[in-house]
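Single-letter residue listing:
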Amino acid sequence: MADLLDREMGDIFVELFEETSEPILFVNPSEVQLEAAIVTASEYEDDLPELRIIAAPETLKTMADDFLIASETADLIHRDKLSLRTVDEVYRSSMVVMEDRIVTLVQFDGRIDGLQSDDGELVETARQSLMSAWEEGDEFTLRTPPISEVRETLRDEIGPQVEEDFTTVLTSLDEIRGSNGLDEVAISLLVAARNNILLYDISKWGEDVGLASKATFSRTKTRLEDLGILDTEKVPIDVGRPRLRLKLADDSMTERPADEMIEQLEEQM
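Below you will find a few notes about this structure. What you are looking at is a predicted structure, and each value in this text was computed from that prediction instead of being measured. (Residues numbered from 1 in each chain as written. Predicted model: local features only at pLDDT ≥ 70, side-chain atom pairs only at ≥ 80, totals over all residues. Heavy atoms only, no water.)

### Some words on the overall build of the chain
Part 1: The helix and strand inventory of the chain stands at eleven helices and ten strands.
Part 2: Reported as C-alpha extents along the three principal axes, the dimensions of the chain are approximately 75 × 35 × 30 Å.
Part 3: Looking at the 269 residues of the chain, the share that counts as buried comes to 47%.
Part 4: Contacts spanning at least 24 positions in sequence make up 70% of the contacts within the chain whose residues lie at least 6 apart. (Helix = DSSP H or I, 4+ residues; strand = E, 2+ residues; numbered from the N terminus. Buried < 20%, exposed > 50% of the residue type's maximum accessible area, 1.4 Å probe, protein only. Contact = heavy atoms within 4.5 Å.)

Right under this line is the structure:
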């Protein structure tokens, strides 16, 4: 028996999460489907079943390029609620496989529908075949740190106001792929400058949490200075070279909410 699940992609996953505590296998998602699954799982408030995803390497690499989605993905992996694997042979259809049913996802003109079947023989055949593919797949390594760890360490090591500004900016953005130079490192530096944080402190935090190396922070700082967005002032210390305090080149920007500040500064990049 088959019937059409005429719902938004996120709603389909919410329904599936609510109906099982067993692992759910998601095979060959498109980029849009993968993002919807991750966002829905991240926002799901009840006990989340484990989500196992087999995808084309290119699809997972594209996902990993967006810091917002990648950091939420890393959070789910850290909680043992998500596993990612790749296979050389990409299946034609996007399917969700559960113990008692399969859902074939159809995407057309921006709409996603699910064709669901609970035919016992079909479900068992699909499960055996696709679970074998899962077991033989290569684990996908994600280098992005979990967003919960980023926020927690930023709050504890740099300050609650910096973490609040950082979170406000992230919430306001649809993606962070480094377009026009606005990536997670640039955002960290600009939020730090808004709060007059030392370059040493924010770059050490960024390297420790796995966001980027100190060298990357330094290069990004120089680029933002060259654009006339960022400025620094020397702060003497007892021993060694003075450290640099980050400042916004335009002090009036600090009077704007963090998300509006970033929006204005992005136009200069």
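### What about the nonpolar core?
Part 1: Within the largest apolar cluster, 39 residues are counted, with the highest numbers of intra-cluster contacts made by Leu190 and Ile202.
Part 2: Elements represented by at least two residues in this core include exactly α4 (67–78), α6 (147–157), α7 (160–172), α8 (184–194), α9 (199–209), α10 (214–226), β10 (243–248) and α11 (258–266).
Part 3: Per-element tally for this core: the top contributor is α8, with eight residues.
Part 4: Residues Ile12, Ile53, Leu60 and Leu84 belong to the second largest nonpolar core, which totals 31 residues. (Core = buried A, V, L, I, M, F, W, Y, C linked by side-chain atoms within 4.5 Å.)

### Side note on the environment of glycine 114
Part 1: Mapped onto the elements of the fold, glycine 114 is located in strand β7 (residues 111–117).
Part 2: Given a relative accessible area of 0%, glycine 114 falls into the buried group.
Part 3: Note: C-alpha distance between glycine 114 and methionine 9 (105 residues apart in sequence) is 8.5 Å.

### Focus: the pattern of salt bridges
Part 1: One pass over the structure, following the stated rule, counts ten salt bridges.
Part 2: Among the ionic pairs, aspartate 47 bridges to lysine 81, the shortest N-O distance being 3.5 Å. Of this pair, aspartate 47 sits in the loop between α2 (31–43) and β3 (51–55) while lysine 81 sits in the loop between α4 and β4 (82–86), placing them 34 residues apart in sequence.
Part 3: In this structure, glutamate 50 and arginine 52 form a salt bridge, with 3.2 Å as the shortest nitrogen-oxygen distance. (Salt bridge = Lys/Arg side-chain N within 4 Å of Asp/Glu carboxyl O.)

### Details of the packing of α9 against α10
Part 1: Following both chains from N to C, one finds α9 and α10 inclined at 135°, their axes separated by 8 Å at the closest point. Here α9 is positioned oblique relative to α10, judged by the angle of their axes. Crossing angle aside, the handedness with which α9 passes α10 is right-handed. Here Leu199, Tyr200, Ile202, Ser203, Lys204, Gly206 and Glu207 of α9 lie close against α10, whose contacting residues are Lys214, Phe217 and Lys221. (Axes fitted to C-alpha atoms, helices over the stretch in contact; angles between N-to-C directions. Parallel < 35°, antiparallel > 145°, perpendicular 65-115°, else oblique. Left-handed = near helix turned anticlockwise from the far one by under 90°.)

### Description of the pairing of β3
Part 1: Burial analysis of β3 places five of its five residues in the buried class, the great majority of the element.
Part 2: Burial along β3 is two-sided: Leu51, Ile53 and Ala55 and Arg52 and Ile54, pointing in opposite directions, are all buried.
Part 3: The pairing of strand β2 (residues 24–27) with β3 spans four bridges and is parallel. Pairing of valine 27 across the sheet is with isoleucine 54, part of β3. (Pairing = 2+ DSSP bridges.)

### Here we look at the environment of lysine 221
Part 1: Structurally, lysine 221 can be placed in helix α10.
Part 2: Assessed through its relative accessible area of 10%, lysine 221 is described here as buried.
Part 3: As a C-alpha pair, lysine 221 and leucine 199 span 22 residues in sequence and 8.5 Å in three-dimensional space.
Part 4: When sequence neighbours within four positions are dropped, the list of residues in contact with lysine 221 reads Leu189, Leu199, Leu230, Thr232, Leu244 and Leu246.

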